[in-house]
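Observations on the three-dimensional arrangement
The lines below spell out each chain.
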Amino acid sequence: MTDAWAVTAEGLVKRFEGRRVVDGVDLAVPGGAIYGVLGPNGAGKTTTLRMLLGIIEPDEGRRTLLGQSQPRDAGDRVGYLPEERGLYPAMKAREAIAFMGALRGLPWREGRKRAATLLEQAGLGHAVDEKVRKLSKGMAQLVQLLGSVVHQPDLIVLDEPFSGLDPVNQEKLEALIVAERDRGATILFSTHVMAHAERLCDRLAIIAGGKRRFEGTVDDARATLPAQVHYLPHAADPAIAALLPHDAVPEGNGWRFTLPRDGIEPLLTPLIQAGHGIAGLTIERPTLHEAFVRVVGAVEAARQQQEVRA
Amino acid sequence: MTRFRRTLRQTMTIARRDFVATVFTPIFLLFLFAPIFMGSFGAIGGLGAASMSDGAADKSRIVAIVAPDRAQAMIREDARLRRLFKRDERPSTLSIVAPAGDPAAQARAAMADRAYDIDGVLYGPLAKPTILVPPLSRFTGNYLEALAQATIAAEQPGAVTVTATRVTTTRERTSIGGQHQSGFLAVFGVFFLTLFLAGQVVGTMAEERNNKVIEVLAAAVPLEAVFFGKLIGMFGVAVLFVGFWGTVLGQLTTLLPPSAAAAFGDLTPAVGVPTFALLFAAYFSMAYLLLGSVFLGVGAQASTMREIQMLSLPITLVQVGMFALASAAARLPGSWVATLAEVFPLSSPFAMAGRAANSPEVWPHLLALAWQAQWVTIFITVGARLFRRGVLQSGSARPFWRRHKG
């Protein structure tokens, strides 16, 4: 993987029936990274990925895939797991994987060999010669995933890869994604499940209402929200409120408030001097989930306001 | 790897998948043996060829080179003798020609007539005439001999018995009737095979749409390659079908009696049998690819099996329409109908197969095959674009040539 940017997108726009489903999305996915595209249902994630891959053409904007302005010119170096899973039911698992490899330039014979190995590694060795129609939904999904990596692509695009998988298979998939990244591949995946993104992503973008609302690392995303402080004095006393920030609210025997910009220390000194002491102090950094909800919630609130005004 | 080679490889990957998925199923056996239930089509074909042959009957003549003073007697006797035969067993119309110079040379020239199929020529003294006949025209020879006898008997009752010398000669060109029969059979053969086989293509994209594989294919392969691959795959199935039945029927003809085999001998395409066989194969391929590409494009727009089933009627009607147009072209070679049928892309393979039977030039076929191949490309491209816009919900506000500028 030598490309500095595995994927770039500049002002991508897609309209369906007059509605701007994707509205000027910019993306830059560094080579060798695991990059998440996060967003609520209907945010435009799938449409964005389909435009990046050349399945559909953008109405406006430009994109490159592994340095190619025509995505299909990089086709043999790309693996893709679509949101709507699809395999030929009459094909055997091994053949299905080899077929997907063959579409991307891998010789059939080599594809079959690799398919057997991949199935074995994924714990599906017993299903090598099973027809797809006989596999469970989760197993079929894994087969399709293996089909998208059998040709050892430089870029793997996974659209909602975790949906429909049980926790065991989700863990297998996470391991596979990390292994592919370690091999040198770039992984671009969409999800609306924050836990996976938090564990896997080197960088991520949050898309809502067809626009990119955030781009950065997981830490950057979490930093968009201030940390929360939970303070527990030695004894309950309403006078404490005067020494705390304005947003402090009682919670149990203590107080909860936003961590001030200048840190916690300037607050603690007056509390100690006033004799309230510190029985407990917790600073909680926000989760990606909370950051996501805030970003998406703000978009949703703005949309609702717009609708009310209209 | 060049873009062309990659696209070709991807096309063949799709084709291979479709071929294997179709052939290795029990349903394929049902399909393969379907012709057993469709024997009636053979009867229709036979009737059509007979009708073509009848149409050519007024192009047949028997010729008598006799002195003008005997012409009237011979015409009278011919009219009398004809009445002894059933209408469809009567010999060809009699032409009387006055002798000029060398009657033998005159007879050979008559046999080479391009305007008519000459079934026999009588010349020389009526008591000892020479009769030139093409092979398998024993009846005509007998009739001309009987006509000579009757003419002499009418002039001089109880006169000498006629002793004729028969000379079998081959025509320098193919017979008009044989050409017409070959033409109809060519048109019918191409129609019959494509009616059976090309309609299958209509539902092939439904599989990918129903099981969502289309998304995987569209991401990896140009849609044109997907369409062309599916067409090639199904064409492979059709070739297998034709090969199987061609072999079976080929073996069966060896069991036919010699008289039946002789009937095939009258199928005399103008371009010659080997070239005709090659052109028939080429036109069958083009008819399949042309109709198949249209059906594939239309069928890809259908979203349910019911819609696909609904398409079967218009598909059959299109095929029958092309057959009717091409049949008319075969019946009226050189007419504006023939030209229209030869130029219109969907009827062109049928009509040109008929033309191969009626006209000896080969170069128009090369032109026609190139023309038809171009239309296959156009139909596939249009079908793929419609699919991309309508089904994959793509398309762009900008035309594609501007899009490629980045």
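What counts as what
Each chain has its residues counted from 1, following the order in which its sequence is written. Chain A is the first chain written and ligand 1 is the first ligand written, with later ones labelled in order. This being a predicted model, a pLDDT of at least 70 is required before a residue's local features are given, and a value of 80 or more before pairs of side-chain atoms are given or counted; all residues contribute to the totals for chains, interfaces and linings. As a rule here, side-chain values cover all heavy atoms of the structure and leave hydrogens and water aside. UniProt positions are given in the numbering used here, feature names are shortened, and annotations may be inferred rather than shown by experiment. Numbering of helices and strands runs from the N terminus, with a helix taken as a DSSP run of H or I at least four residues long and a strand as a DSSP run of E at least two residues long. Between buried and exposed lies partly exposed: a residue is buried under 20% and exposed over 50% of the maximum accessible area for its type, with that area taken using a 1.4 Å probe on protein chains only. We call two residues in contact when some of their heavy atoms are within 4.5 Å. Surface accessibility in these figures is a Shrake-Rupley result with a 1.4 Å probe; residues are shielded only by whichever protein chains are displayed. The pairing criterion for strands is at least two bridges between them, as found by DSSP. In this analysis, axes come from line fits to C-alpha atoms, helices being fitted only over the stretch in contact, and the angle between any two N-to-C directions falls in the range 0 to 180 degrees. When two parts are brought into contact, each loses some accessible area as probed by a 1.4 Å sphere; the total of that loss over both is the buried area. The term salt bridge refers to a side-chain nitrogen of Lys or Arg lying within 4 Å of a carboxyl oxygen of Asp or Glu. Polar contacts, as used here, are pairs of N or O atoms within 3.5 Å; protein pairs need one atom able to donate a hydrogen and one able to accept it. Residues neighboring in sequence count only if both atoms are side-chain atoms. Each residue gets one label: Ala, Val, Leu, Ile, Met, Phe, Trp, Tyr, Cys and Pro are nonpolar, Asp, Glu, Lys and Arg are charged, and the others, such as Gly, are polar. Convention used here: angles under 35 degrees read as roughly parallel, angles over 145 as roughly antiparallel, angles from 65 to 115 as roughly perpendicular, and any remaining angle as oblique. Note: crossing handedness is left-handed where the near helix turns anticlockwise from the far helix by less than a right angle, and right-handed where it turns clockwise. Residues enter patches when they are more than 30% accessible in relative terms and free of salt bridges; like-charged ones are connected within 9 Å and nonpolar ones (Val, Leu, Ile, Met, Phe, Trp, Tyr) within 5 Å. Note on aromatic pairs: the rings of Phe, Tyr and Trp (six-membered ring only in Trp) are paired at centre separations within 6.5 Å, and the planes decide the class, stacked below 30 degrees, edge-to-face beyond 60, tilted for the rest.

- As recorded in an unreviewed UniProt entry, chain B goes by ABC transporter permease and comes from Sphingomonas aurea.
- Heading Subcellular location (unreviewed entry) of the UniProt record for chain B holds this comment: "Membrane".

- An unreviewed UniProt entry annotates chain A as ATP-binding cassette domain-containing protein of Sphingomonas aurea.

1. So, the overall build of chain A
- Along the backbone of chain A there are nine helices and 13 strands.
- Looking at the 310 residues of chain A, the share that counts as buried comes to 50%.
- For chain A, contacts bridging at least 24 residues in sequence account for 69% of all contacts bridging at least 6.
- Surface exposure of chain A reaches about 14,000 Å², of which carbon and sulfur atoms provide 50%.

2. Considerations on the overall build of chain B
- Scanning chain B for helices and strands turns up 17 helices and five strands.
- Burial statistics for chain B: of 406 residues in total, 47% are counted as buried.
- Surface accessibility of chain B: about 19,800 Å² in total, with carbon and sulfur atoms responsible for 66%.

3. A word on the UniProt feature "transmembrane region" (unreviewed entry) in chain B
- Sites flagged by UniProt as "transmembrane region" (unreviewed entry) map to residues 20-44, 184-206, 227-248, 276-298, 310-330 and 369-387 of chain B.
- Helix and strand shares over residues 369-387 of chain B are 100% and 0% respectively, and the end C-alpha atoms of the span are 27 Å apart.

4. Concerning unusual backbone geometry
All names here are of chain A.
- Unlike most non-glycine residues, Glu 17 shows phi in positive territory, near 50°.
- Tracing the chain through its elements places Glu 17 in the loop between strand E1 (5-16) and strand E2 (19-30).
- Phi at Leu 66 is positive, roughly 50°, even though this residue is not glycine.
- Overall, the relative accessible area of 2% leaves Leu 66 in the buried class.

5. Details of the sheet that holds E1(A)
Residues and elements named next belong to chain A.
- Strand order across the open sheet formed by three strands is E2-E1-E4, with antiparallel pairing between neighbours. Strand pairing shows two members of the sheet lacking a second neighbour, E2 and strand E4 (60-65), which therefore form its edges. Strand after strand, the sheet turns through a mean of 15° between neighbouring axes, direction not considered.
- Where E1 and E4 come together, five bridges link them in antiparallel fashion. The partner of Ala 9 across the bridge, within E4, is Arg 63.
- With respect to the sheet, helix H1 (residues 45-53) is in contact with E1, E2 and E4, its orientation differing from that of E1 by roughly 120°.

6. Points about the sheet that holds strand E1 (residues 60-65) of chain B
Residue and element names in this part refer to chain B.
- Ordered by their spatial adjacency, five strands build an open sheet running E2-E1-E3-E4-E5, and the pairing between neighbours is mixed. Across the chains shown, the open sheet's two edge strands, defined by having one partner strand only, are strand E2 (93-97) and strand E5 (165-168). Taken over all neighbouring pairs, the strand axes of this sheet differ in orientation by 20° on average, direction set aside.
- Taken together, the four bridges between strand E4 (residues 130-133) and E5 define a ladder with parallel strand orientation. Residue pairing for E5: Ile 131 is matched across the bridge by Arg 166.
- Most of the contacts of helix H4 (residues 68-82) go to E2, to which it runs at about 170°, and overall it touches E1 and E2.
- Contacting E1, E2, strand E3 (117-123) and E4, helix H5 (residues 103-111) runs over the sheet at an angle of about 170° to E3.

7. Digging into the interface of chain A and chain B
- Taken together, the contacts link 33 residues of chain A with 32 residues of chain B.
- In total, chain A and chain B occlude about 3,000 Å² of area from one another, counting both sides; carbon and sulfur atoms represent 51% of this.
- Contact with chain B buries area across many residues of chain A, yet Arg72(A), Tyr88(A) and Leu103(A) alone supply 25% of it, more than any other trio.
- Between the two partners, chain A and chain B, sit four salt bridges.
- Residues Asp73(A) and Arg3(B) are paired through a salt bridge, measuring 2.9 Å at the closest nitrogen-oxygen approach.
- Applying the counting rule to chain A against chain B returns seven residue pairs in polar contact (both at pLDDT 80 or more).
- Breaking the side of chain A that touches chain B down by element, the ones donating at least two residues are E1, H1, E4, helix H2 (93-103) and helix H3 (108-121) of chain A.
- The leading source of residues in the side of chain A that touches chain B is H2(A), at four residues.
- Each residue belonging to the side of chain A that touches chain B can be placed in one class, and the counts come to 16 nonpolar, five polar and 12 charged.

8. Describing the pairing of strand E8 (residues 203-208) of chain A
All names here are of chain A.
- Counting buried residues in E8 gives five out of six residues, a clear majority hidden from the surface.
- The sheet contact formed by E8 and strand E9 (residues 211-216) spans five bridges and is antiparallel. Across the sheet, Ile 206 pairs through a bridge with Phe 214, a residue of E9.

9. Some remarks on helix H9 (residues 213-220) of chain B
- Of all eight residues in H9(B), eight are buried; the element is thus mostly enclosed.
- Those residues of H9(B) not exposed but buried are Val213(B), Ile214(B), Glu215(B), Val216(B), Leu217(B), Ala218(B), Ala219(B) and Ala220(B).

10. Some details on the environment of Pro222(B)
- By the secondary structure assignment, Pro222(B) is in the loop between H9 and helix H10 (223-253).
- A relative accessible area of 18% means that Pro222(B) is categorised as buried.
- For the pair formed by Pro222(B) and Thr7(B), sequence separation is 215 residues and the distance between their alpha carbons is 7.4 Å.
- Those residues in contact with Pro222(B) that lie beyond four places of it in its chain are Arg72(A), Thr7(B) and Gln10(B).

11. Brief notes about the packing of helix H1 (residues 3-23) of chain B against H10(B)
Residue and element names in this part refer to chain B.
- Two elements in contact, H1 and H10, have axes separated by 7 Å at closest approach and are oriented at 45°. Classified by the interaxial angle, the pair formed by H1 and H10 is oblique. When you trace H1 past H10, the crossing you get is right-handed. On H10, the residues that touch Thr 7, Thr 11, Met 12, Ile 14, Ala 15, Arg 17, Asp 18, Phe 19, Thr 22 and Val 23 of H1 are Ala 225, Val 226, Phe 228, Gly 229, Lys 230, Ile 232, Gly 233, Met 234, Gly 236, Val 237 and Leu 240.
- A breakdown of the residues in the contact of H1 with H10 according to their chemical character gives 12 nonpolar, six polar and three charged.

12. Some details on a nonpolar patch on the surface
- Together, Ile272(A), Ile278(A) and Leu281(A) give the surface a local cluster of nonpolar side chains, amounting to about 230 Å² of exposed area.
- Relative to the helices and strands, Ile272(A) is located in helix H8 (residues 265-273).

13. Some words on the packing of aromatic side chains
- Under the counting rule described, the total for this entry stands at 14 aromatic pairs over all chains.
- Centre to centre, the rings of Phe162(A) and Phe189(A) are 6.1 Å apart; their planes meet at 75°, and the pair counts as edge-to-face. Of this pair, Phe162(A) sits in the loop between strand E6 (155-159) and helix H5 (167-183) while Phe189(A) sits in strand E7 (residues 186-191), placing them 27 residues apart in sequence.
- Looking at Phe162(A), the relative accessible area reads 4%, which means it is buried.
- An angle of 50° between the planes, with centres 5.3 Å apart, marks the rings of Phe235(B) and Tyr288(B) as tilted. Taken as a pair, Phe235(B) in helix H10 and Tyr288(B) in helix H12 (residues 273-301) lie far apart in primary sequence, 53 residues in all.

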